[in-house]
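# Structural description and commentary
These are the residues of each chain, in order.
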Amino acid sequence: MTNSAKHNAMANAIRALSMDAVQKANSGHPGLPMGCADIATVLFSAVMKFDPKDPHWPDRDRFVLSAGHGSMLLYSSLYLLGYEDMTLEEIQNFRQLGSKTAGHPEYGHATGIETTTGPLGQGLGNSVGMAIAEAKLAAEFGTDLVDHYTYVLAGDGCLMEGISQEAIALAGHLKLNKLIVIWDNNGITIDGKISNADSTDQRMRFEASGWHTIEIDGHNADEIKKALKEAKSSSKPTMIAAKTIIGYGAPNKGGTAKVHGSALGDEEIALARAELGWDHPPFVIPDEVMDNWRLAGNRSTKARSDWQERLDAANADTRAEFERRIKGELPLDFDRVVQEFKKELVETKPKPATRVASQNALEVINAVLPETLGGSADLTGSNNTNTSQTEPFTAENRTGRYMHYGIREHEMAAAMNGIALHGGFIPYGGTFLVFTDYLRPSARLSALMGQRVIYVMTHDSIGLGEDGPTHQPVEHLAAMRAIPNMVVFRPADAVETLECWQAAIERKDGPSVLALTRQGLPAFRTHYQSENMCARGAYVVSGPEDADAVIFATGSELQLAIEAASILENNKTSTRVVSVPSMELFNQQDKAYREQVIGNPKARVAVEAGVRQSWDRLLGDRGEFVGMTGFGASGPIADLFEHFGITANAVVEAVTSQL
């Protein structure tokens with residue numbers, strides 16, 4: 001078999017498996033896998049560094065299928081390469097409940113799936129974070145241990161989504177030259193030709209953003225290989241514009257929107273088999289073709305073993321630290337450092353805004369955790385996300401620990417997902433809570449993938465004051481709490497802020513939001529407790545077990561709850577105050593603890609400078625809520641709380657109305 005014939009047979013194996021799996025499921029997208037099979041074959045058989053027998057090898061190249069609808073391209077490749085958990089049975093169960101071959105690639109379902117994609121552009125955004133992580137980890141531990149590339153296959157939809165501009169601008173600015181994006185330039189979307197909706201010169205766009213670009217025939221193996229070699233030698237990130245035919249090989253539907261998102265049908269598949277010279281039954285791969293793919297899967301075995309030898313030969317401290325970082329484990333003295341700072345806070349009783357308390361906590365945390373990688377979407381001075389340890393990460397300084405993401409909230413979140421997925425770092429990034437609207441799609445994916453990403457969201461209520469309703473979050477706490485596997489923290493003083501940071505960092509299986517105030521808050525935790533009370537989600541601040549009333553509060557409104565309780569107690573109404581820094585963590589506690597905290601009150605009231613949604617589980621049918629019912633307004637902080645009726649007296653009235 002000639003090299004050309006060998007390549008064609010390997011690529012056609014991807015095409016056949018993809019169209020057969022989509023046909024069997026009667027659901028899916030055969031067009032991209034058939035159109036990009038030549039690209040995938042060259043990438044996996046001749047260029048990329050990976051080992052199916054050690055799929056989590058830290059120095060493997062990463063492949064991101066940003067155009068996640070073409071998932072069968074990835075699944076077929078993983079099966080052919082010999083990834084043990086991607087079996088033929090999984091291929092045949094494409095899109096079926098419980099299979100590893102979901103409609104779009106889902107991180108954690110199978111090895112070799114580096115990130116969850118599907119929402120277009122997210123994979124491209126993740127890849128920038130992966131390239132950042134590679135560059136920084138290499139600067140820390142050296143290229144003997146960290147020296148790999150991130151490859152992305154993106155479609156027209158990825159490049160139309162707004163996040164793509166944020167991503168490519170940041171990557172170009174940082175000169176992430178080990179990031180290589182292959183654009184599946186097939187000219188087709190669901191609605192038909194690209195020209196229906198877009199006329200962007202993508203090469204000029206990327207070049208204007210600081211990228212190297214190459215144009216090739218995406219069905220010519222030699223051109224693909226040559227372009228990838230050129231990309232690896234560039235001092236800039238590279239975009240390869242690969243001209244392809246969507247649904248390559250399908251004689252009637254190929255090159256049209258008809259092949260994008262639906263099964264080809266038995267007749268067209270038979271014609272495609274004839275067109276491609278593939279005369280094998282569905283899901284059958286000839287031994288010779290399978291052998292060539294499995295050889296491709298074994299191609300980097302020596303590279304991996306050589307890497308392992310270098311790791312084993314490294315200084316013991318270096319090796320231990322590298323392995324700890326990759327595993328995501330925390331240093332043994334992390335808790336001790338937190339406890340020492342907590343004791344200091346209890347003694348000094350500071351009254352800062354929780355955004356300032358957060359910065360003070362980070363000063364301590366960043367000193368003991370070299371893996372934290374901070375940043376902000378151009379609001380560093382407002383988010384207070386920098387510390388004395390966080391020099392900027394730049395094109396010239398890869399050792400920096402702080403990302404200037406620019407006014408790119410969406411890409412900040414997507415990049416943090418990529419950083420977390422890559423391993424070796426705990427990313428955190430800041431903006432205003434109201435701007436979670438700009439990053440929510442990526443935050444949702446943080447939760448879906450179970451990634452330790454920390455969102456530092458300041459200016460958390462009408463308490464930000466004069467900037468007015470465009471900047472005052474009202475529904476945002478409820479909206480973030482609505483995301484499954486997202487933990488939202490809203491601390492009420494410096495001690496709670498420290499505890500919330502500790503809980504967020506110790507949470508390895510999902511993201512966290514820290515909602516922080518602009519305004520200063522009084523200290524109420526004035527006695528040292530070694531237990532992290534915020535990790536319980538809610539706890540009793542004051543009041544007897546058999547209180548007639550319970551007042552739940554978060555953040556800046558806890559002081560109103562304490563004041564209201566004092567008024568009620570003076571009026572002979574026994575009252576319990578409960579701080580609720582995290583509803584999600586409280587809901588995870590056992591029933592006995594929850595009942596102990598809530599008690600059996602006659603009156604329940606919650607006070608929070610946001611909307612009521614998310615409070616009903618604690619309030620029950622009869623409970624009252626003191627908070628916002630509409631948008632905010634521009635004005636001084638004190639005037640706003642009075643204007644919107646978020647006061648201690650309002651809480652008292654809400655209690656007495658139930659008694």
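Residues numbered from 1 in each chain as written. Predicted model: local features only at pLDDT ≥ 70, side-chain atom pairs only at ≥ 80, totals over all residues. Heavy atoms only, no water.

## Some remarks on the sheet that holds strand β18 (residues 624-626)
Rules: At least two DSSP bridges between two strands are required for those strands to pair. Helix numbers and strand numbers start at the N terminus; a helix is a DSSP run of H or I with at least 4 residues, a strand a run of E with at least 2. Interaxial angles span 0 to 180 degrees and are taken between N-to-C directions of axes, which are lines fitted to C-alpha atoms, for helices over the stretch in contact.
Strands sit in the order β14-β16-β15-β17-β18 across an open sheet of five strands; the sheet is mixed. Single-partner strands in this sheet number two, and they are β14 (539-542) and β18. The sheet shows a mean angle of 30° between the axes of neighbouring strands, taken without regard to direction. By the bridge criterion, three bridges tie strand β17 (residues 603-607) to β18 in an arrangement that is parallel.

## Digging into helix α20 (residues 494-506)
Heads up, the rule is: Expected helix span is given by 1.5 Å per residue-to-residue step, counting one fewer step than there are residues. For every residue, the accessible area obtained with a 1.4 Å probe (protein chains only) is divided by the maximum for its type, and the residue is called buried under 20%, exposed over 50%, and partly exposed between those limits. Any N or O atom pair separated by 3.5 Å or less is treated as a polar contact, with the protein-specific requirement of one donor-capable and one acceptor-capable atom, and with residues adjacent in sequence counted only for side-chain atom pairs.
Taking 1.5 Å of rise per residue, 13 residues should cover 18 Å, and α20 covers 18 Å from first to last C-alpha, within 8% of that figure. Within α20, twelve of the 13 residues are buried, leaving the element largely enclosed by the surrounding structure. Considered for burial, the residues of α20 that qualify are A494, V495, E496, T497, L498, E499, C500, W501, Q502, A503, A504 and I505. A side-chain oxygen of the first residue of α20 lies 3.2 Å from the backbone nitrogen of V495; this N-cap is D493.

## Description of the sheet that holds strand β13 (residues 512-516)
The six strands lie next to each other as β9-β8-β10-β11-β13-β12, forming an open sheet whose pairing is parallel. Every other strand in the sheet has two partners, leaving β9 (402-404) and β12 (487-489) as the edge strands with one partner each. Here the average twist between neighbouring strands, direction ignored, is 20°. Examined bridge by bridge, strand β8 (residues 372-376) and β9 share three bridges and lie parallel to one another. In the sheet register, S376 faces β9, and the bridge partner there is H404.

## Let's talk about the environment of G423
Just so we agree on the cut-off: Contact between two residues is taken to exist if any of their heavy atoms lie within 4.5 Å; hydrogens are not considered.
Relative to the helices and strands, G423 is located in the loop between α17 (409-422) and β10 (426-432). Once residues lying within four places of it in the same chain are set aside, the contact partners of G423 are L137 and I326.

## Some remarks on empty space enclosed by the protein
What counts is decided by this rule: The rule is simple: put a 1 Å grid over the protein atoms alone, call a set of points where a 1.4 Å probe fits but cannot get out a cavity, call an open set with protein on both sides within 12 Å along at least five of seven lines a pocket, and count a residue as lining if it has an atom within 4 Å of a point. Grid points are joined across faces, edges and corners, and a volume is the space filled by probe spheres set on the points. We call Asp, Glu, Lys and Arg charged. Ala, Val, Leu, Ile, Met, Phe, Trp, Tyr, Cys and Pro are nonpolar, and the rest, Gly among them, are polar.
Across all of its chains, the model carries two cavities of 30 Å³ or more by this definition. The space that makes up the largest cavity amounts to roughly 110 Å³. In this structure, the largest cavity is lined by 14 residues; those nearest its centre are M48, F63, Y83, G112 and E114. Elements with a contribution of two residues or more to the lining of the largest cavity: β1 (62-65) and α3 (71-81). The greatest single-element share of the lining of the largest cavity, amounting to three residues, is contributed by α3. Taken together, the residues of the lining of the largest cavity sort by class into nine nonpolar, one polar and four charged. In terms of lining residues, the second largest cavity is bounded by F63, V64, L65, L74, P105, I113, E114, T115 and T117.

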